[in-house]
Amino acid sequence: MTDKLPEIRNYVFNFGPQHPAAHGVLRLILEVDGETVVKADPHVGLLHRATEKLAESKPYIHTIGYMDRLDYVSMMCNEHGYVLAMEKLLGIAAPVRARYIRVMFDEITRILNHLLWLGAHALDIGAMTLLLYAFREREDLLDCYEAVSGSRMHATYYRPGGVYRDLPDKMPQYKPSPWHNQKEVARWNANREGSLLDFIWDFTERFPKHVDEYETLLTDNRIWKQRTVGIGVLTPERAMALGCTGPILRGSGVAWDLRKKQPYEVYDQLDFDIPVGKTGDCYDRYLVRMEELRQSNHLIRQCVEWLRKNPGPVMIEDNKIAPPKRTDMKVSMEAMIHHFKLMTEGLCLPQGEAYAAIEHPKGEFGVYLVSDGANKPYRMKIRAAGFPHLAALDELIRGHMIADVVAVLSSLDIVFGEIDR
Amino acid sequence: MADLHFLQEETNKNFGDWIQRSEIANDELTLEVDRHFLRNLCFMLRDKPKYAFQTLIDVCGVDYLQYGCSEWQTESTTRTGFGRGMKGDFSEVASQWTKPRFAVVYHLLSLENNHRIRLRAFVDDEQPALDSVVDIWPAANWFEREAFDLFGILFKGHPDLRRILTDYGFIGHPFRKDFPLIGNIEVRYDAKLKRVVYEPVSIEPRILEPKVIRHDNRYTGEKSGD
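Within each chain, residues carry numbers counting from 1 in the order of the written sequence. Chain letters start at A and ligand numbers start at 1, both assigned in the order the entries are written. A pLDDT threshold of at least 70 governs which residues receive local features in this predicted model, and a stricter bar of 80 or more applies before side-chain atom pairs are shown or counted, although totals over entire chains, interfaces and linings include all residues. As a rule here, side-chain values cover all heavy atoms of the structure and leave hydrogens and water aside.

**Thoughts on the overall build of chain A**
Helices and strands together make up the secondary structure of chain A, namely 18 helices and eight strands. Put simply, the radius of gyration uses C-alpha atoms, and a globule should come to 2.2 Å times the residue count raised to 0.38. Taking 22 Å as the expected radius of gyration for a compact globule of 421 residues, we find that chain A reaches 23 Å, a close match to that expectation. Each of the three principal axes of chain A carries a C-alpha extent, and together these read 100 × 60 × 45 Å. Per-residue burial over chain A gives 61% buried out of 421 residues. The charged-residue count follows a simple rule in which Lys and Arg add positive charge and Asp and Glu add negative charge, with His and chain termini not counted at all. A charged residue contributes its charge at one atom only: NZ of Lys, CZ of Arg, CG of Asp or CD of Glu. A distance of 3 Å separates the average location of the 52 positive side-chain charges in chain A from that of its 57 negative side-chain charges. Here a strand is any run of E in DSSP of at least two residues, a helix any run of H or I of at least four, and the numbering for each starts at the N terminus. The classification of residues rests on relative accessible area computed with a 1.4 Å probe and restricted to protein chains. Under 20% of the type maximum is buried, over 50% is exposed, and intermediate values are partly exposed.

Quick look at the structure:
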């Protein structure tokens with residue numbers, strides 16, 4: 001018999017890549033001492049598709065569709081960053097109506113993103129119901145996507161110089177089928193009688209009450225607070241040093257929002273507030289996002305009011321950038337040639353480089369374009385908002401319990417489409 | 001947004017020896033930094049209150065190997081067409097690039113002063129290596145790993161320089177311009193062997209739309225909108 005104490009070593013195990021709380025494909029190598037996390041090493045790249053390299057091989061316009069597939073829960077915002085970078089290099093600006101449409105859809109996207117985040121975050125912590133509620137509201141907004149672009153998720157709606165087309169005057173309606181009778185369908189169609197703007201307006205009337213419902217379920221919920229208050233605290237200094245942006249940075253108490261500080265499109269003409277947290281824990285990040293839902297709703301209403309009153313072009317007239325109208329092509333040789341050149345060769349961007357950033361629902365989403373004057377980007381770098389956030393995970397969860405890993409991870413709002421690119 | 005010209009003057013005045021070129025284009029200030037002084041400059045930009053760049057937004061590698069190369073020469077009337085799905089090497093114009101092949105580009109942001117700056121440091125062609133800035137901005141950790149993974153640029157002093165986005169055991173640096181778009185290795189499940197096998201790619205690289213460069217300045221002076 002030996003009287004030496006047995007050697008105790010930390011236990012290392014895999015979290016993911018196939019784990020419901022891993023938000024896609026995250027392989028997290030956790031080193032634990034009992035229940036306490038000593039070190040976390042995220043392995044990313046399982047969804048790496050080399051979007052940037054693919055973009056270098058095809059004309060600029062083709063890449064807009066790839067942008068949707070980066071952060072696949074905030075599709076149009078990704079397009080926006082890319083399109084802004086192109087516009088910056090071209091030295092053009094979209095017509096003002098197109099800018100309002102972009103802002104409106106950016107805010108719709110923000111609600112889409114935050115709702116999915118809220119549902120998934122609550123589900124990770126153990127509140128099942130909220131996911132179902134969140135998807136109920138998401139459905140209406142995805143219908144808006146479909147009405148305007150024909151696609152529920154991967155819209156490919158923004159273009160350099162504007163948006164693909166104007167808002168539709170009629171909202172598509174449900175049709176009766178052997179499974180759904182006339183009466184049922186009439187109830188669904190009640191708010192779809194008017195235009196898309198009427199439908200969105202109706203949504204914004206209902207939505208604040210829904211946010212109240214979510215808050216009733218969570219904000220003062222004792223279990224919710226036990227799981228989130230004081231968990232994953234990030235000080236403002238560390239948040240800045242770690243490159244955090246968006247709701248994470250604001251949750252730590254830094255009032256930084258590109259929509260206010262470096263306004264793009266028409267944000268400087270709209271009225272909204274920036275919510276800020278106090279302690280920088282998971283609960284504060286939750287509160288910040290809840291308030292952003294309300295602010296986005298407020299912004300959408302302002303855009304709808306403006307868009308109702310101000311018709312106009314949604315695409316610049318310059319046919320070197322925007323394709324000519326179908327009707328013009330039937331009668332004008334010039335339009336025909338423009339169309340042919342744009343569709344086969346695409347547009348050439350002037351030599352140079354540009355970085356355009358937007359306030360994406362997850363933080364600062366930037367696109368850095370290097371052009372050598374060709375019809376394809378020479379180098380495109382996507383600055384994904386979630387990338388530095390996930391890099392900060394190790395620091396955030398050291399010393400926490402294993403169960404808190406899930407709470408912290410989902411409070412960062414991670415989507416692998418954009419992190420792995 | 002703070003005045004970029006003021007920032008340009010200040011940086012030129014104070015760090016003139018470290019900066020090779022400074023340029024304002026598209027409302028953005030770019031400094032080309034001598035790589036030996038990159039860390040000194042970064043410390044200054046972070047700590048001096050008039051710059052106060054507390055946040056590193058992005059680090060990315062750029063490979064200038066084929067800068068200015070086009071696949072189809074169409075400046076004047078061309079006698080040859082360009083069919084879809086062309087195979088082989090179609091670089092008709094050689095690159096005019098005279099600077100080193102690799103560069104690392106840093107985007108910095110100051111929340112306090114609300115301004116941005118871009119730094120570019122060229123690295124040696126043979127041994128692409130640069131000092132790491134991880135101890136200045138911890139955010140650089142993963143960004144530098146990414147640049148190492150995709151371009152093979154080494155960062156001296158990085159605590160944990162591993163691949164990040166590519167597969168375990170990946171060979172090569174995929175974002176270099178001489179790395180084929182379709183890759184070198186393909187992966188499939190072999191039903192007979194009952195495991196995943198790695199093989200050389202079975203497809204050939206093709207060009208669908210040729211890269212064309214036009215210097216006719218079609219867009220200069222055409223500011224539209226509103």
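Read on for the rest.
**Brief notes about the pattern of salt bridges**
One side-chain nitrogen of Lys or Arg within 4 Å of one carboxyl oxygen of Asp or Glu is enough to make a salt bridge. Enumeration according to the criterion identifies 52 salt bridges over all chains in this entry. Notably, a salt bridge pairs Lys-88 of chain A with Glu-28 of chain B, separated by 2.7 Å at the nearest N-O pair. Taken together, the residues Lys-88 of chain A in helix H3 (residues 75–90) and Glu-28 of chain B in strand E2 (residues 28–33) connect one chain to another. Salt bridges sharing partners connect three or more residues here, namely Lys-88 and Glu-353 of chain A together with Arg-21, Glu-23, Glu-28, Glu-32, Lys-99, Arg-118 and Arg-120 of chain B.

**A closer look at the packing of helix H4 (residues 96–125) of chain A against helix H12 (residues 282–309) of chain A**
Packed helices, taken two at a time, are described by the angle between their axes plus the distance between the axes. Residues and elements named next belong to chain A. Axis lines are fitted to C-alpha atoms, over the contacting stretch for helices. Their N-to-C directions set the angle, which ranges from 0 to 180 degrees. The contact between H4 and H12 brings their axes to 9 Å, and the two run at 150°. As summarised for this structure, H4 and H12 are arranged roughly antiparallel, according to the angle between their axes. Judged by the sense of rotation from one axis to the other, the crossing of H4 with H12 is left-handed. When an angle is under 35 degrees it counts as roughly parallel; over 145 it counts as roughly antiparallel; between 65 and 115 it counts as roughly perpendicular; any other value is oblique. By the definition used in this description, the sense in which the near helix is turned from the far one sets the handedness, with an anticlockwise turn below a right angle giving left-handed and a clockwise turn giving right-handed.

**Observations concerning the sheet that holds strand E6 (residues 115–123) of chain B**
Residue and element names in this part refer to chain B. Strands pair, by our definition, only if DSSP identifies at least two bridges between them. Here we have five strands laid out as an open sheet, ordered E1-E2-E6-E5-E3, and mixed in their pairing. Across the chains shown, the open sheet's two edge strands, defined by having one partner strand only, are strand E1 (19–25) and strand E3 (55–63). Ignoring strand direction, the axes of neighbouring strands in this sheet form an average angle of 20°. Contact between two residues is taken to exist if any of their heavy atoms lie within 4.5 Å; hydrogens are not considered. Those strands touched by helix H1 (residues 4–15) are E1, E2 and E6, and its axis lies near 175° from that of E1.

**Let's talk about the side chain of Ser-195 of chain A**
All names here are of chain A. Within the secondary structure, Ser-195 is located in the loop between helix H6 (182–188) and helix H7 (196–218). The buried category is assigned to Ser-195, whose relative accessible area is 17%. Polar side-chain contacts of Ser-195 include one of 3.3 Å to the backbone nitrogen of Leu-197. Once you skip the residues sitting within four places of it in the chain, Ser-195 turns out to touch Pro-168, Asp-169, Lys-170 and Met-171. Any N or O atom pair separated by 3.5 Å or less is treated as a polar contact, with the protein-specific requirement of one donor-capable and one acceptor-capable atom, and with residues adjacent in sequence counted only for side-chain atom pairs.

**Examining the pairing of strand E7 (residues 363–371) of chain A**
All names here are of chain A. Burial within E7 is extensive, with nine of its nine residues counted as buried. Direction of pairing for strand E6 (residues 352–360) relative to E7: antiparallel, over a ladder of nine bridges. Its bridge partner being in E7, Glu-353 is matched across the sheet by Val-370. Linking two consecutive strands that pair antiparallel, namely E6 and E7, is a turn of two residues. In terms of strand pairing, E7 meets strand E8 (residues 379–383) through five bridges, oriented antiparallel. Across the sheet, residue Tyr-368 finds its bridge partner in E8, namely Lys-381.

**Some words on helix H2 (residues 38–47) of chain B**
All names here are of chain B. Of all the residues in H2, the buried ones are Leu-38, Leu-41, Cys-42 and Leu-45. Projection of H2 onto a plane perpendicular to its axis shows the buried side chains occupying an angular sector of 100°, all on one side. Next to the buried residues of H2 lie H1, E2, strand E5 (102–110), E6 and strand E7 (129–131). The arc in question is traced by the directions running from the helix axis to the C-beta atoms.

**With respect to the interface of chain B and chain A**
Between chain B and chain A, the contact holds 64 residues from the first and 73 residues from the second. Across the salt bridge formed by Asp-58 of chain B and Lys-381 of chain A, the nearest N and O atoms sit 3.0 Å from each other. On the surface where chain B and chain A come into contact, there are 33 residue pairs in polar contact (both at pLDDT 80 or more). Elements that contribute at least two residues to the side of chain B that touches chain A include exactly E2, E3, E5, E6 and helix H3 (140–151) of chain B. It is E3 of chain B that contributes the most residues to the side of chain B that touches chain A, nine residues altogether. A per-class count over the side of chain B that touches chain A returns 33 nonpolar, 13 polar and 18 charged. When residue character is reported, Ala, Val, Leu, Ile, Met, Phe, Trp, Tyr, Cys and Pro are called nonpolar, Asp, Glu, Lys and Arg charged, and the others, Gly included, polar.

**Here's the deal with unusual backbone geometry**
Even without being a glycine, Thr-156 of chain A presents a positive backbone phi close to 50°. With respect to the secondary-structure elements, Thr-156 of chain A resides in the loop between helix H5 (129–149) and strand E4 (158–159). Taking relative accessible area as the criterion, Thr-156 of chain A reaches 25% and is therefore assigned partly exposed. Non-glycine residue Lys-194 of chain B carries a positive phi angle of around 60°. Mapped onto the secondary structure, Lys-194 of chain B falls in the loop between strand E9 (185–190) and strand E10 (195–200).

**Focus on the confidence of the model for chain B**
Residues and elements named next belong to chain B. Every residue is assigned a pLDDT by the predictor, reflecting its confidence on a scale from 0 to 100. For chain B, mean pLDDT is 82; residues scoring 70 or higher make up 84% of the total. Per-residue pLDDT stays below 50 along residues 219–226; that stretch engages in 21 contacts with residues further than four places along the chain or on separate chains. ipTM for the predicted complex: 0.86, alongside a pTM of 0.88.

**A few points about the nonpolar core**
All names here are of chain A. Within the largest apolar cluster, 179 residues are counted, with the highest numbers of intra-cluster contacts made by Met-104 and Phe-105. Sorting elements by how many residues they give to this core places H4 first, with 14 residues. Apart from the residues within four sequence positions on either side, Phe-105 is in contact with Met-76, Cys-144, Tyr-145, Val-148, Tyr-157, Tyr-158, Leu-167 and Leu-196. Here the nonpolar core consists of buried residues drawn from Ala, Val, Leu, Ile, Met, Phe, Trp, Tyr and Cys, with membership extended through side-chain atoms lying within 4.5 Å.

**Considering the packing of aromatic side chains**
We call Phe, Tyr and Trp rings a pair once their centres come within 6.5 Å, taking the six-membered ring for Trp, and we label the pair stacked below 30 degrees between planes, edge-to-face above 60, and tilted otherwise. Per the counting criterion, the structure on display carries 25 aromatic pairs over all chains. Both rings, one in Tyr-11 of chain A and one in Phe-13 of chain A, keep their centres 6.1 Å apart while their planes meet at 25°; by these two values the pair is stacked. Phe-13 of chain A gets classed as partly exposed once you look at its relative accessible area, which sits at 24%. Seen from their ring centres, Phe-387 of chain A and Trp-142 of chain B are 5.5 Å apart, and the 70° between their planes marks the pair as edge-to-face. Highlighted residues: Phe-387 of chain A in helix H15 (residues 386–391) and Trp-142 of chain B in helix H3, drawn from two different chains. Taken individually, Phe-387 of chain A and Trp-142 of chain B each receive the classification buried, so the pair is uniform in this respect. Through successive ring pairs, a cluster of aromatic residues spans Tyr-378 of chain A together with Tyr-64, Tyr-67, Trp-97 and Phe-122 of chain B. Definition used: whenever NZ (Lys) or CZ (Arg) falls within 6 Å of the ring centre and also within 35 degrees of the ring normal, the charge is taken to sit over that ring. For the cation-ring pair, Arg-301 of chain A lies above Trp-201 of chain A, with the distance from its terminal atom to the ring centre recorded as 4.0 Å. The cationic tip of Arg-421 of chain A hangs over the ring face of Phe-387 of chain A; the distance from NZ or CZ to the ring centre is 5.0 Å.

**A look at the sheet that holds E6 of chain A**
Residues and elements named next belong to chain A. With antiparallel pairing, the three strands of this open sheet are ordered in space as E6-E7-E8. Pairing within the sheet leaves two strands with one partner each, and these edge strands are E6 and E8. Averaged over neighbouring strand pairs, the angle between their axes works out to 10° when direction is ignored.

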